Amino acid sequence: MKTIEKNLWYGGKSGAVTFSYDDGRIEDIRLVETFNKYGVKGTFHLCNPDFLNCFDFLEGVTIVDPETYGELYKGHEVSCHSKHHPFLHELPDEKVRSEISENKEFLENLCGYTVRGMSYPFGSFDDRVIELCREEGMEYSRTVADTHDFDLPENFMMWHPTCHHVEADKALADRFAESKKPLKLLYVWGHSYEFYDEEKWEKLESFLSEISGREDTWYATNIEILDYVSALDALEISEEKIYNPSDIDLWVTVDGEAAKIGAKQEIK
């Protein structure tokens, strides 16, 4: 029997890169423009606008106009961040549910597609919160617990990123390029308001110039990563055939050679 390994990303790439940013501050406009310039993709975790009224320190803060979400974040992903940005683990069950369900509904009405993921506000969660978020339709959620590595999560509802963008530099890009891990993933997160001067923006562009445009790398949103991994997991492999029951084209190696298995395709 041939040796079949599920070790390639979409397009037969050896690595994937994704970005994740919270809160929808007005600086997202420049951030999206910068991502588009370098051909990378981000997931933007957004609250309902009235979260600004919940914290005194947000007085005078400007966020992206929700009516522009569909156009601004086109080609990227809009994802939940709760309605009011609370510490979810401190809330009773029904309040956790409403924080997610009302945020999800708000974003879906603006963006026109099903919102299936989130990031935990303040990084606040526990097992109970995870289960409640699942029940409200969440399939993944990013934490703030950096791994400083390139592994996939064991549980996508506790999706630990590689690092905050303050640590994203040429050394990280080089370490990622040199890594031989199968299905390696570089996941960078942060808040766009943290780019508060030109030096910070220049550092971001320097990192993006290092990490972007690589032929061996897939640039994807959080939900695209999840969907691809889920489809790989669902591959049906036997001694006679490989069958891909998903709607996503997949790539594997067969005896060390890259092979594409198209959506709903069977290979002998």
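Data block above holds the structure.
Residues numbered from 1 in each chain as written. Predicted model: local features only at pLDDT ≥ 70, side-chain atom pairs only at ≥ 80, totals over all residues. Heavy atoms only, no water.

Taken across its five residues, strand β3 (residues 42-46) has five buried, putting it largely inside the fold. Neither face of β3 is left uncovered, since the one carrying G42, F44 and L46 and the one carrying T43 and H45 both have all their residues buried. Alignment of strand β2 (residues 15-22) against β3, held across four bridges, turns out to be parallel. The residue bridging D22 from the neighbouring strand is H45, located in β3. As a crossover connection, the stretch from β2 through helix α1 (residues 28-38) into β3 is right-handed. One ladder, built from four bridges, connects β3 with strand β4 (residues 77-80); its direction is parallel. By the bridge assignment, H45 is partnered in β4 with S79. (Buried < 20%, exposed > 50% of the residue type's maximum accessible area, 1.4 Å probe, protein only. Helix = DSSP H or I, 4+ residues; strand = E, 2+ residues; numbered from the N terminus. Pairing = 2+ DSSP bridges. Right-handed = clockwise from strand over helix to strand, strands pointing away.)

Turning our eyes to something else, we now look at the pairing of strand β12 (residues 250-254). Two faces make up the sheet, and in a regular strand the side chains alternate between them. Of all five residues that make up β12, five are buried, and the element is covered over most of its length. Burial of the side chains of β12 extends over both faces: L250, V252 and V254 are buried on one face and W251 and T253 on the other. Here strand β1 (residues 4-5) runs beside β12; their pairing, made up of two bridges, is antiparallel. Counted as the bridge partner of E5 is T253 from β12. In the sheet, β12 pairs with strand β13 (residues 257-261) via five bridges, with the strands oriented antiparallel. By the bridge assignment, W251 is partnered in β13 with K260.

An order of β10-β11-β14 is seen for the three strands of this open sheet, with the pairing classed as antiparallel. Here the strands that pair on one side only, and so sit at the sheet edges, are β10 (236-237) and β14 (266-267).

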